[in-house]
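# A closer look at the structure
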Amino acid sequence: MDYKLKRLNRELVSPGKALEFYRDTMELPDGRTEKWDFVHHKRGGGACVVPVLPDGRVLMIHQYRPAVDRETTELPAGAFDADDPDFAVTASRELEEETGYKCGKIRRLVRLDTAIAWCDEKVEVYLAEDLYKAGGQQLDDAEEIGLEAIPVEELRRRIFAGEMRDAKTVAGILAYLAVLSGEQTAPRT
């Protein structure tokens with residue numbers, strides 16, 4: 001399709017540590033112009049992991065998120081290290097740092113563009129199996145993370161009850177449920 005919507009200009013409005021905020025000048029199909037916001041993730045994104053314990057429960061994290069002003073239940077996740085933009089490496093690192101666990105097997109479940117209308121962040125979600133305790137959490141100074149092992153059916157209930165709304169977590173749990181039901185296979189990485 002030959003789209004008539006075109007970006008005429010992109011101007012950096014505010015640089016940040018992890019994100020850069022831009023103002024785009026867009027030409028609309030009728031010829032008018034508008035200013036649109038665009039957010040660039042400086043590291044490109046990161047990875048998320050569905051850590052499944054030997055008994056089938058999923059190891060979840062609890063943390064306070066200032067952006068939504070509440071405690072959330074999420075899958076472990078984090079941004080790429082500046083020197084290592086590898087999804088699987090990032091997923092394994094975040095699993096160990098946030099939970100103190102390592103895994104024997106890790107497989108990609110799904111890749112996400114988190115907010116495709118205004119941001120270029122990408123997140124890959126991995127399934128981590130054969131978990132074993134490797135030590136304690138290795139949290140950043142600003143992190144306060146609690147752990148809870150939750151049965152997958154309880155996670156499904158929480159998603160559809162609106163109790164869990166973090167996009168990467170919802171996508172990860174639903175992708176894992178598709179694997180469990182045989183609707184999808186998780187490729188080896």
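Residues numbered from 1 in each chain as written. Predicted model: local features only at pLDDT ≥ 70, side-chain atom pairs only at ≥ 80, totals over all residues. Heavy atoms only, no water.

It is worth spelling out the packing of aromatic side chains at this point. Under the counting rule described, the total for this entry stands at 2 aromatic pairs. Over the ring of Tyr22 we find Arg10; its NZ or CZ atom is 5.9 Å from the centre of that ring. Its guanidinium or amino end placed over the ring of Phe38, Arg10 lies 3.7 Å from that ring's centre, counting from NZ or CZ. (Phe/Tyr/Trp six-rings, centres within 6.5 Å; stacked < 30°, edge-to-face > 60°. Lys NZ or Arg CZ within 6 Å of the ring centre and 35° of its normal.)

The next point concerns the packing of helix α2 (residues 152-160) against helix α3 (residues 167-181). With their axes 10 Å apart at the nearest point, α2 and α3 run at an angle of 135° to one another. The orientation of α2 relative to α3 falls into the category oblique. Handedness of the α2/α3 crossing: left-handed. In this structure, α2 contributes Val152, Glu153, Leu155, Arg156, Ile159 and Phe160 to the contact, and α3 contributes Val170, Ile173, Leu174, Tyr176, Leu177 and Leu180. The residue makeup of the contact of α2 with α3, split by class, is 10 nonpolar, no polar and 2 charged. (Axes fitted to C-alpha atoms, helices over the stretch in contact; angles between N-to-C directions. Helix = DSSP H or I, 4+ residues; strand = E, 2+ residues; numbered from the N terminus. Parallel < 35°, antiparallel > 145°, perpendicular 65-115°, else oblique. Left-handed = near helix turned anticlockwise from the far one by under 90°. Contact = heavy atoms within 4.5 Å. Nonpolar A, V, L, I, M, F, W, Y, C, P; charged D, E, K, R; others polar.)

The subject of this paragraph is the layout of surface pockets. Taken as a whole, the largest pocket spans an internal volume of roughly 1600 Å³. Elements with a minimum of two residues in the lining of the largest pocket: β2 (19-27), β3 (33-41), β4 (45-51), β5 (58-65), β6 (70-74), β7 (77-79), α1 (87-99) and α3. Partitioned by chemical class, the residues of the lining of the largest pocket number 21 nonpolar, 7 polar and 18 charged. Of the volumes computed, that of the second largest pocket is approximately 160 Å³. What lines the second largest pocket is Arg7, Arg10, Asp24, Met26, Trp36, Asp37, Phe38, Ile116, Ala117 and Trp118. Of all the secondary structure elements, the ones that give two or more residues to the lining of the second largest pocket are β1 (6-15), β2 and β3. Looking at the lining of the second largest pocket element by element, the count peaks at 3 residues for β3. Residues that form the lining of the second largest pocket fall into these classes: 6 nonpolar, no polar and 4 charged. (1 Å grid on protein atoms, 1.4 Å probe; cavity = no way out; pocket = protein on both sides within 12 Å on 5 of 7 lines; lining within 4 Å. Points joined across faces, edges and corners; volume = space filled by probe spheres on them.)

Pairing is antiparallel in the open sheet, where 3 strands are placed in the order β1-β2-β3. Because the sheet does not close on itself, it has two edges, and the strands there are β1 and β3. Direction aside, the axes of adjacent strands within the sheet are offset by 25° on average. Sheet topology note: the β1/β2 ladder contains 8 bridges and is antiparallel. Counterpart to Glu11 in the pairing with β2 is Arg23. (Pairing = 2+ DSSP bridges.)

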